[in-house]
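Commentary on secondary and tertiary structure
The chain contents come next:
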Amino acid sequence: MRVVVSGGSGFLGSHLCEALVRRGDSVRCLDNFSSGRIANIAALLDNPRFEFTLCDVTDEPSLSGGMDAVIHLASPASPYDYLSRPLQTLAAGGRGTENLLRLAHHHRARFLLASTSEVYGDPTVHPQREDYWGHVNPIGPRSAYDESKRFAEAVTAAYRRSEGADTAIARIFNTYGPRMRAHDGRVVSTFIRQALDAEPLTLHGDGSQTRSFCYVDDMVSGLVAMLDSTLAGPVNLGNPNERTVRELAELVLRITGSHSELRHLPLPEDDPARRRPDITRAREGLGWQPRVPLEEGLRHTVAWFAHRPEPLTVPFRPRP
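Below is a summary of the structure that appears in this document. Since the structure is predicted, the reported quantities are computational estimates derived from the model, not experimental observations.

With that settled, the discussion passes to the overall build of the protein. When helices and strands are tallied, the protein shows nine helices and 13 strands. Against the 2.2 N^0.38 benchmark of 20 Å for 320 residues, the protein shows a C-alpha radius of gyration of 19 Å, consistent with a compact globule. A principal-axis box enclosing the C-alpha atoms of the protein has dimensions of 55 × 45 × 40 Å. Taking contacts inside the protein between residues at least 6 apart in sequence as the whole, the part at least 24 apart equals 80%. A total of about 13700 Å² of accessible surface is found on the protein, and carbon and sulfur atoms cover 51% of it. Once the 37 positive and 39 negative side-chain charges of the protein are each reduced to a mean point, those two points are 2 Å apart.

Below, the discussion takes up the sheet that holds strand E1 (residues 2–6). Read from one edge to the other, the open sheet built from seven strands follows the order E3-E2-E1-E4-E5-E6-E11, with strand pairing classed as parallel. Edge positions in the open sheet fall to strand E3 (50–54) and strand E11 (235–237), since each of these has one partner strand only. For this sheet, the mean angle separating the axes of adjacent strands, direction not counted, is 20°. Bridge count for strand E2 (residues 26–31) against E3 is five bridges, and the pairing is parallel. For Arg28, the partnering residue across the bridge sits in E3 and is Glu51. Of the strands in this sheet, E1, E2, strand E4 (69–72), strand E5 (110–116) and strand E6 (167–172) touch helix H3 (residues 86–106), which is tilted by about 175° from E4. Running over the sheet, helix H4 (residues 143–163) touches E5 and E6 and is turned about 155° from E5.

Turning our eyes to something else, we now look at the pattern of salt bridges. Considering all chains together, one arrives at 24 salt bridges under this definition. The salt bridge partner of Arg181 is Asp81, with a shortest N-O separation of 3.0 Å. With Arg181 in the loop between strand E7 (175–176) and helix H5 (187–196) and Asp81 in helix H2 (residues 79–84), this pair connects stretches of sequence that are 100 residues apart. For the pair Arg181 and Asp81, one class covers both residues: buried. For Arg299, the salt bridge is made with Glu295, and the minimal N-O distance between the two is 2.9 Å. Taken as a pair, Arg299 and Glu295 lie in helix H9 (residues 294–306) at a separation of four residues, close to a single helical turn. By relative accessible area, which is 41% here, Arg299 ends up partly exposed. Salt bridges here are not isolated pairs; linked through shared partners, they connect Glu118, Arg142, Arg211, Asp271 and Arg275.

Following the criterion strictly, the structure yields six aromatic pairs and no others. A ring pair is formed by Tyr120 and Phe173, whose centres lie 6.1 Å apart and whose planes are at 40°; its orientation type is tilted. Taken together, the residues Tyr120 in the loop between E5 and H4 and Phe173 in the loop between E6 and E7 connect sequence positions 53 residues apart. Here the aromatic rings of Trp304 and Phe305 are separated by 5.2 Å at their centres, their planes lie at 90°, and the arrangement is edge-to-face.

Before going further, it helps to spend a moment on the pairing of E1. Burial runs high along E1: four of the five residues are buried. In the sheet, E1 pairs with E2 via five bridges, with the strands oriented parallel. When the bridges of E2 are listed, Val4 appears paired with Arg28. For the crossover that starts at E1, traverses helix H1 (residues 11–22) and ends in the parallel E2, the hand is right-handed. One ladder, built from four bridges, connects E1 with E4; its direction is parallel. For Val5, the partnering residue across the bridge sits in E4 and is Ile71.

Our next topic: the packing of helix H7 (residues 245–256) against H9. Contact pair H7 / H9: the axes reach a minimum separation of 10 Å and the direction vectors enclose 55°. By the criterion of interaxial angle, the relationship of H7 to H9 is oblique. Between H7 and H9 lies a crossing whose hand is right-handed. Contacts between H7 and H9 involve Leu248, Leu251, Val252, Arg254, Ile255 and Thr256 on the former and, on the latter, Leu294, Glu295, Leu298, Arg299 and Val302. Residues that form the contact of H7 with H9 fall into these classes: seven nonpolar, one polar and three charged.

Basis of the calculations
Residues numbered from 1 in each chain as written. Predicted model: local features only at pLDDT ≥ 70, side-chain atom pairs only at ≥ 80, totals over all residues. Heavy atoms only, no water. Helix = DSSP H or I, 4+ residues; strand = E, 2+ residues; numbered from the N terminus. Rg over C-alpha atoms; globule rule 2.2 N^0.38 Å. Contact = heavy atoms within 4.5 Å. Areas by Shrake-Rupley, 256 points an atom, 1.4 Å probe, with all protein chains shown as cover. Lys, Arg positive; Asp, Glu negative; His and termini not counted. Charge placed at Lys NZ, Arg CZ, Asp CG, Glu CD. Pairing = 2+ DSSP bridges. Axes fitted to C-alpha atoms, helices over the stretch in contact; angles between N-to-C directions. Salt bridge = Lys/Arg side-chain N within 4 Å of Asp/Glu carboxyl O. Buried < 20%, exposed > 50% of the residue type's maximum accessible area, 1.4 Å probe, protein only. Phe/Tyr/Trp six-rings, centres within 6.5 Å; stacked < 30°, edge-to-face > 60°. Right-handed = clockwise from strand over helix to strand, strands pointing away. Parallel < 35°, antiparallel > 145°, perpendicular 65-115°, else oblique. Left-handed = near helix turned anticlockwise from the far one by under 90°. Nonpolar A, V, L, I, M, F, W, Y, C, P; charged D, E, K, R; others polar.

Now the structure itself:
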């Protein structure tokens, strides 16, 4: 297929571009490097089936040639990014989604939206199923990301209903792996960075809040399966193996051999207490489920960070 991937130089997007090229697809990667990196796609730049276009999806892209699919990942997605750039986050989920929907519909291409488990907010239903409408604070500090994705889902569903567009929605749960940014504010990258730099591991609250961590290779295979299917979704993609944040910290310490202490900080506002996907739809509709155990995935991720291309002590500062 000929596939356009917005946000294709980011952590998840770059892995997805590689997987699509590897199976024989032609990929057009769109990015403005607000949180992505050229290093993430460096190995693809000389591949004749890969093309990079520097652009911001909030400015309607004008792309020549045909396309069979558009995958929309472009958005600030880590806490560091969406908390520091709320207006850009809302624009990516709003104007950016509409622009790419129009592009896909014009070319009669399948449109796949990378949504998020954040649409469930701090859930009152556990585990989270796709028919749960969520418990979101629409004006809190996290709302720029939560509500941008909820709007993105709404406009995607509206295009399908009113325009007959071929659309799909994947709700992505916590994903980790190589190419995460050391200072992106995600818990996995934060703990690994702190452990390797012999700093205290910072737990918010008592560490009893839970997350479900999915290795990036598993997430990519789920997105590809969703792209190849006829499902409209939404479909949860994530690992239903629920762990407390304290358990994650202790596992990172064991894998790294670090003697860092655990330091407790106040809980951020609207921090979800529990997060775990019900992946029945993905299992039944896509034949997909994650296969990489958390400890194995963390070992791969720690090894990548240990040979990191830049010092962990220097924060990556995205363009405004």
